[in-house]
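If you want the building blocks of each chain, they are given just below.
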Number of protein chains: 2
Amino acid sequence: MPTISQRGVQMPSSPIRKLVPFAEAAKKKGIKVYHLNIGQPDIETPKPILDAVRHSDFKILEYSHSAGNESYRKKLVTYYNRFNIDVNHNQIIVTTGGSEAIIFAFMACLDPGDEIIVPEPFYANYNGFAVEAEVKIKTITSSIETGFALPAMTDFEKAITPRTKAIMICNPNNPTGYLYSQEEMEVLKQLCLKYNLFLFSDEAYREFCYSGSHFSAMNLEGMEENVILMDTISKRYSACGGRIGAFVTKNQSVLDAAMKLAQARLSPPSFAQIAGEAAVDLPADYFDGIKAEYQNRRDVLIAALNAIPGVFCPNPGGAFYAMARLPIDDSDKFCQWILESFSYEGQTVMMSPATGFYATPGLGKDEVRLAYVLNTDAIRHAMVCLEKALEAYPGRTSK
Amino acid sequence: MPTISQRGVQMPSSPIRKLVPFAEAAKKKGIKVYHLNIGQPDIETPKPILDAVRHSDFKILEYSHSAGNESYRKKLVTYYNRFNIDVNHNQIIVTTGGSEAIIFAFMACLDPGDEIIVPEPFYANYNGFAVEAEVKIKTITSSIETGFALPAMTDFEKAITPRTKAIMICNPNNPTGYLYSQEEMEVLKQLCLKYNLFLFSDEAYREFCYSGSHFSAMNLEGMEENVILMDTISKRYSACGGRIGAFVTKNQSVLDAAMKLAQARLSPPSFAQIAGEAAVDLPADYFDGIKAEYQNRRDVLIAALNAIPGVFCPNPGGAFYAMARLPIDDSDKFCQWILESFSYEGQTVMMSPATGFYATPGLGKDEVRLAYVLNTDAIRHAMVCLEKALEAYPGRTSK
């Protein structure tokens, strides 16, 4: 029998999905499970977006341009201009989700063995893309005590080697919700210019900023050749299944290389490009409503968490995630136990163990990520369950 | 300025798309261009498929399962059963186009430096995926004289090295239209079992067989652990823009590895999965009509080609491509010249130089690929243009 590749062996399993069987078993027992484990919002996709697809009248579902429909890319220029991001439609490649934008950046900029520095905790799927591209993610640790602020410039400098080609951030951050300040972005700029590095900036949650405003990597002056923006409509418009993202850069060599990657896979999905184009035309107040809803959820969640004895959760500035420290021995065990062996009034909670978001062994054992993608009633019920669970959990530590 | 990767440099440009500017310039001059250069059919996508999407009534465009919706995978089981391909829905991963199925196969089965043997001429984008995965495509040459039949077993054996991990075919073939016989498939089986190789079988054109019937690699007994089927709805249902394909295998280790790749990119596109599901329910006679149309186009095209002095084109058994030998010095020059410097009654033809489908330098210089994706009237006009062009072309050779 032929054997699979080492790459196939090394490819990490999703740290989030491994608990799914336990959630399914709980549901079979009749327990209601509050899903705070993944970033799939319960918010409805705006009707005009879905209607644009449903009312489309083409007769042939054709390939689009490999870079995406020109009409959509021109719309995206309008969208980015709203954030004072000055790009033209030839600097945008429409991708199959933000995921493909990340793969394009890794493939176009990095060779096997090259290194990317990423502050941890970080979005776990970056690991998978790194294995596919045979590149190495080197982490520097951000701390829950500072709310996961950017580590010091000296920490980055200690991690830089001759193989370092890029720094990668997610801003606002998944999994921490941390919103990088303009000052922190300027530190990244200094680093990238000093060490000749790319800055990969995943800005999927740009609109969801509650404390302070978003400063895009695209607005770092003098970084035009260094910055690659990875983007997606998934979270912004509750349109995760569309699989439409964007790869944006002003670096022409990178664009040319990414364009060849785009041509090899022919085109991004056509239906959802129609949705994406309609999304740019949503009324300006669309995000006000959504943002208020998420901010309210955040406020309810963070207050409830910090009211539980022994729990600490910094107040996240953006996105819809929070990382909380719990009085537990092992977050993997706890997140499984709460599904497998616990319920309160017929309910329980699914969370993501933070261990999956750290590369440094041992970190995240007393932290979990919670996605506030459910309404405030559900969040309140979930927090009651969590409090009761922490009281009952055999692996509870101190306090 | 940070520099792009060697991989980004090596990534091949699309040999088909490089002529696009010349076609656009011709159109600007008012010349009608017959597009026989790419596999984008002019046949309408079946209405029930598009209607399924247009009449969908979900409210949230959610992620699907990373392997694709279970309901769709179960439908695909029904589809494959029609070809006596006995699989269950857990042996199918829905992919973003056939392209992603190929990438998954390369990544799950091959490590950097590993080799795949592919009969040339072959689908040019395999080169791009090989560069992404850092694997090596080794070709053995099939000949226009035999209609591009499978090269001899000894040719394969000469190409096999300790790094060889797979043989890859496209059946029926793009770009040649050649339909592999059961006997030829048995030769591939012998090779794979003897040398412990994977067989990657791209069967995107399964339904379009005119001379003889299709024998799927999935039906090779004793090859359950070796065969990976790459599939797509693109050509079958004129649904190229959907970007829905499938990765199918009975090898559990390969499935597990591919599943991790699938999880990293979260899910395939949701809208087009609805289309794909509806496609399986199309009436049984759907393909009869489409097949008759393509067969008629083939007959018109091949007869017209072979009636042109100095031209030879074998009769392709399937797909909707033909490779023709022309009395020309250089197919790249000719395909550019016919767009740039020629027209007949205000019309000209766009074709793909065959050089892009060969890895061996120098091969394909007197061949072009023609996709019979246009109706017979258009094909007849295009062939008149081609005949006149060959008479006028300064680089015409003999005959």
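Bear in mind that the values here come from a model prediction, so they are computed numbers and not experimental data. (Residues numbered from 1 in each chain as written. Chains lettered and ligands numbered in written order. Predicted model: local features only at pLDDT ≥ 70, side-chain atom pairs only at ≥ 80, totals over all residues. Heavy atoms only, no water.)

Concerning the sheet that holds strand 3 (residues 115-120) of chain A
All names here are of chain A. Spatial ordering of the open sheet is given by 2-8-7-6-5-3-4, a layout of seven strands whose pairing is mixed. Since the sheet does not close on itself, it has two edges, and those belong to strand 2 (92-95) and strand 4 (136-141), each with one partner. Each strand of the sheet is rotated relative to its neighbour by a mean of 25°, with strand direction disregarded. Of the pairings in the sheet, the one linking strand 2 to strand 8 (residues 245-249) comprises four bridges and is antiparallel in character. Note on strand 8: the bridge partner recorded for Thr95 is Gly245. Contacts between helix 4 (residues 70-81) and the sheet are confined to strand 2, strand 7 (227-232) and strand 8, with strand 2 contributing the most and set at about 110° to the helix. (Pairing = 2+ DSSP bridges. Helix = DSSP H or I, 4+ residues; strand = E, 2+ residues; numbered from the N terminus. Axes fitted to C-alpha atoms, helices over the stretch in contact; angles between N-to-C directions. Contact = heavy atoms within 4.5 Å.)

Looking at the packing of aromatic side chains
Inspection of the entire model under this criterion finds 45 aromatic pairs over all chains. Three or more aromatic residues joined by ring pairs make a cluster, and in this case those are Tyr205, Phe208, Tyr294, Phe320 and Tyr321 of chain A. Against the face of Phe58 of chain B rests Arg54 of chain A, its NZ or CZ located 4.8 Å from the ring centre. The ring of Phe83 of chain B carries the charged tip of Arg206 of chain B above its face, separated from the ring centre by 5.5 Å. (Phe/Tyr/Trp six-rings, centres within 6.5 Å; stacked < 30°, edge-to-face > 60°. Lys NZ or Arg CZ within 6 Å of the ring centre and 35° of its normal.)

A few points about the interface of chain A and chain B
Taken together, the contact pairs 80 residues of chain A with 79 residues of chain B. Among the residues of chain A in contact with chain B, Pro2, Arg54 and Tyr63 of chain A are the three that bury the most area, contributing 11% of the side total. Linking chain A to chain B there are zero salt bridges. Inspection of the region where chain A meets chain B yields 48 residue pairs in polar contact (both at pLDDT 80 or more). Of all the elements in the fold, those that place two or more residues in the side of chain A that touches chain B are helix 1 (6-10), helix 3 (47-54), helix 5 (97-109), helix 6 (125-133), helix 9 (252-264) and helix 10 (270-280) of chain A. Among the elements that make up the side of chain A that touches chain B, the one with the highest residue count is helix 9 of chain A (seven residues). For the side of chain A that touches chain B, the residue count by class is 38 nonpolar, 25 polar and 17 charged. (Buried area = accessible area lost by both parts, 1.4 Å probe. Salt bridge = Lys/Arg side-chain N within 4 Å of Asp/Glu carboxyl O. Polar contact = N/O pair within 3.5 Å; in protein donor to acceptor, adjacent residues only side chain to side chain. Nonpolar A, V, L, I, M, F, W, Y, C, P; charged D, E, K, R; others polar.)

Some thoughts on the nonpolar core
Counting 216 residues, the largest nonpolar core has Phe334 of chain A together with Phe334 of chain B as the members making the most contacts within it. Setting aside residues up to four positions removed in sequence, Phe334 of chain B forms contacts with Leu326, Ile328, Met351, Leu386, Ala389, Leu390 and Tyr393 of chain B. (Core = buried A, V, L, I, M, F, W, Y, C linked by side-chain atoms within 4.5 Å. Buried < 20%, exposed > 50% of the residue type's maximum accessible area, 1.4 Å probe, protein only.)

Considering the relation of the copies chain A and chain B
Rotating chain A by 180° and moving it 0.0 Å along the rotation axis overlays it on chain B with an RMSD of 0.0 Å. Considering both components of the superposition, the chain copies are consistent with a two-fold axis. Residue Arg54 of chain A, judged by its C-alpha, is the member of chain A lying nearest the rotation axis, at 2.0 Å. (Least-squares fit on C-alpha atoms with pLDDT ≥ 70 in both.)

Digging into the domain arrangement of chain A
Residue and element names in this part refer to chain A. Taken as a whole, chain A is organised into domain 1 (6-44 + 286-392) and domain 2 (47-280). Distance from the C-alpha centre of domain 1 to the C-alpha centre of domain 2: 25 Å. Contact with domain 1, which involves 39 residues of that partner, is made by 33 residues of domain 2. Note on domain 1 versus domain 2: buried area summed over both sides is about 3,100 Å², and carbon and sulfur give 62% of it. Put simply, domain 1 and domain 2 have two salt bridges between them. For Arg7, the salt bridge identified is with Glu134, shortest N-O distance 3.5 Å. Joining domain 1 to domain 2, the criterion identifies 19 residue pairs in polar contact (both at pLDDT 80 or more). Listed by contribution, the elements that provide at least two residues to the side of domain 1 that touches domain 2 are helix 1, helix 11 (286-307), strand 9 (321-325) and strand 12 (367-371). The element that contributes the greatest number of residues to the side of domain 1 that touches domain 2 is helix 11, accounting for seven residues. Partitioning the side of domain 1 that touches domain 2 into residue classes produces 23 nonpolar, nine polar and seven charged. (Domains from an automatic or database assignment.)

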